[in-house]
Amino acid sequence: KKYLSNSDVGTLLNNPKEFGVSRDDNPNFAKGRLFHQLILEPEKAEAWEFVDVSSRNTKAYKEHIASTGEQVALLQKEGDEIKSLVTTMMSNMDFFDDIRHDGNQYEVPAVKEIHGQMWKGKADIVHPDMLIDIKTTSNIGDFKWSARKYNYYSQCYIYQELFDKPLVFYVIDKTNGMLGKYQPTEYFVRGGREKVLKAIEVYNKFCG
């Protein structure tokens, strides 16, 4: 691969044999894409088609997949749930003002050498004062723990290196709509740096 990215960090540390192997699409990936597009690229979100059935085991769903060639499609009720989350987040004026700030740029790519390897990333929102990364979570009370589980701290370190701005997580709980803003601490970012260094060590050993 020409560039490393944050998604490679967990793979390199947990199972380097899977490095560079593409992953099949799944409903959670699709929900995440829709959530981001509704907020960051609403013109893309208009193209989504939802299947109005009760489950993916139905004949109508399987026929839809066969006709479109997609690996996965969202059910109508899932699309409605994601749209409701977006409405909740954007109805909060603090969130709205930051996410829709006049000076913002959306889905901004960047490439930079970090510790001897080329890394790439795409920021959700480049605000004049910070990077905003929007997230959903199943339990906002446990977000600080899931941030480590899903390598958000290595993402934070990489993106702050790429864009030279502090990163802040804007989060919504998928179960109850609770919102939270999370400013990473120096300790959190330092943990991300350590993960990145370990991932590079593995990459150089097995893939270099």
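Remember, predicted model here, so these are calculated numbers, not experimental data.

Caption draft 1: Quick peek at the packing of aromatic side chains. Taken as a whole and assessed by the stated rule, the structure comprises 11 aromatic pairs. Note on F143 and Y182: the rings are 4.7 Å apart at their centroids and 40° apart in plane angle, and the pair reads as tilted. Of this pair, F143 sits in helix α7 (residues 143-149) while Y182 sits in strand β5 (residues 179-182), and the two are 39 residues apart along the sequence. Since its relative accessible area comes to 26%, Y182 is described here as partly exposed. Through a chain of ring-to-ring contacts, three or more aromatic side chains come together here, namely F143, Y150, Y152, Y153, F169, Y182 and F188. Sitting over the ring of Y152, K135 keeps its end group 4.0 Å from the ring centre.

Caption draft 2: Broad picture of the environment of L162. Mapped onto the secondary structure, L162 falls in helix α8 (residues 152-163). Each C-alpha atom of the pair L162 and W119 lies 8.1 Å from the other, and the pair is 43 residues apart in sequence.

Caption draft 3: Up close: the sheet that holds strand β4 (residues 167-173). Here 5 strands make up an open sheet; going across it, the order is β1-β2-β3-β4-β5 and the pairing mixed. Every other strand in the sheet has two partners, leaving β1 (105-114) and β5 as the edge strands with one partner each. When strand polarity is set aside, the average angle formed by the axes of neighbouring strands in this sheet is 40°. In this sheet, β5 lies alongside β4 in antiparallel orientation, the contact comprising 4 bridges. From the neighbouring strand, I172 faces β5, where its bridge partner is L179. With respect to the sheet, helix α2 (residues 27-40) is in contact with β1, β2 (117-127), β3 (130-137) and β4, its orientation differing from that of β3 by roughly 140°. Against the sheet, helix α5 (residues 76-91) engages β3, β4 and β5, with an angle of about 125° to β4.

About the thresholds
Residues numbered from 1 in each chain as written. Predicted model: local features only at pLDDT ≥ 70, side-chain atom pairs only at ≥ 80, totals over all residues. Heavy atoms only, no water. Phe/Tyr/Trp six-rings, centres within 6.5 Å; stacked < 30°, edge-to-face > 60°. Helix = DSSP H or I, 4+ residues; strand = E, 2+ residues; numbered from the N terminus. Buried < 20%, exposed > 50% of the residue type's maximum accessible area, 1.4 Å probe, protein only. Lys NZ or Arg CZ within 6 Å of the ring centre and 35° of its normal. Pairing = 2+ DSSP bridges. Axes fitted to C-alpha atoms, helices over the stretch in contact; angles between N-to-C directions. Contact = heavy atoms within 4.5 Å.

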